[in-house]
Amino acid sequence: LTMEINGRLVIPISQDKYSQNSMMGIVHDASRSGKTAYVEPTEIVGPTNELRQAEGELRAEEARVWRELTESIIRHRKELERNVKVIGHLDVVMGRVRLGRK
């Protein structure tokens, strides 16, 4: 049985067992009664840290791409507006052609 607390995979362990071997991992939370500790096993701390780092880098890259896309749209605003008008006009013409054929 595993759970996730703050993006960390943890396993519930009785506080007594954890007290006997505190080298088993990092406690991220405890139950209200204090009888259960939620421990991230030592073996997965490193890989989880790497995953969190990669997620942060991904968010930064997504923000960069969105920023570049927005800046490009702003730079080409006039052309885009003109193209939308032309496409709208062509759509009207094509609709008239289709209706005229029926």
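In this text, all values refer to a predicted model and were calculated from it rather than measured experimentally. (Residues numbered from 1 in each chain as written. Predicted model: local features only at pLDDT ≥ 70, side-chain atom pairs only at ≥ 80, totals over all residues. Heavy atoms only, no water.)

Caption draft 1: Spotlight on the overall build of the chain. What the chain contains, in helices and strands, is three helices and four strands. In sequence order, the secondary structure elements of the chain are arranged as β-β-α-β-β-α-α. The C-alpha atoms of the chain give a radius of gyration of 29 Å, which is well past the 13 Å a tight globule of 102 residues would have. Across the 102 residues of the chain, 14% fall into the buried class. Long-range contacts, defined here as pairs at least 24 residues apart, represent 34% of the contacts in the chain between residues at least 6 apart. Across the chain, 17 positive and 15 negative side-chain charges occur, with their mean positions spaced 14 Å apart. (Helix = DSSP H or I, 4+ residues; strand = E, 2+ residues; numbered from the N terminus. Rg over C-alpha atoms; globule rule 2.2 N^0.38 Å. Buried < 20%, exposed > 50% of the residue type's maximum accessible area, 1.4 Å probe, protein only. Contact = heavy atoms within 4.5 Å. Lys, Arg positive; Asp, Glu negative; His and termini not counted. Charge placed at Lys NZ, Arg CZ, Asp CG, Glu CD.)

Caption draft 2: Quick look at unusual backbone geometry. One non-glycine residue, Asn6, lies in the positive phi region at around 50°. In this structure, Asn6 sits in the loop between β1 (3–5) and β2 (8–14).

Caption draft 3: Focus on a nonpolar patch on the surface. Nonpolar side chains collect at one region of the surface, where Trp66, Leu69, Ile73 and Leu80 lie side by side and expose about 430 Å² of accessible area between them. Here the nonpolar patch takes three residues from helix α2 (residues 42–75), the largest share from any one element. Overall, Trp66 belongs to the exposed group, its relative accessible area being 59%. (Patch = residues over 30% accessible without salt bridge, like charges linked within 9 Å, V, L, I, M, F, W, Y side chains within 5 Å. Areas by Shrake-Rupley, 256 points an atom, 1.4 Å probe, with all protein chains shown as cover. Salt bridge = Lys/Arg side-chain N within 4 Å of Asp/Glu carboxyl O.)

Any functional reading would require information that these geometric values do not contain.
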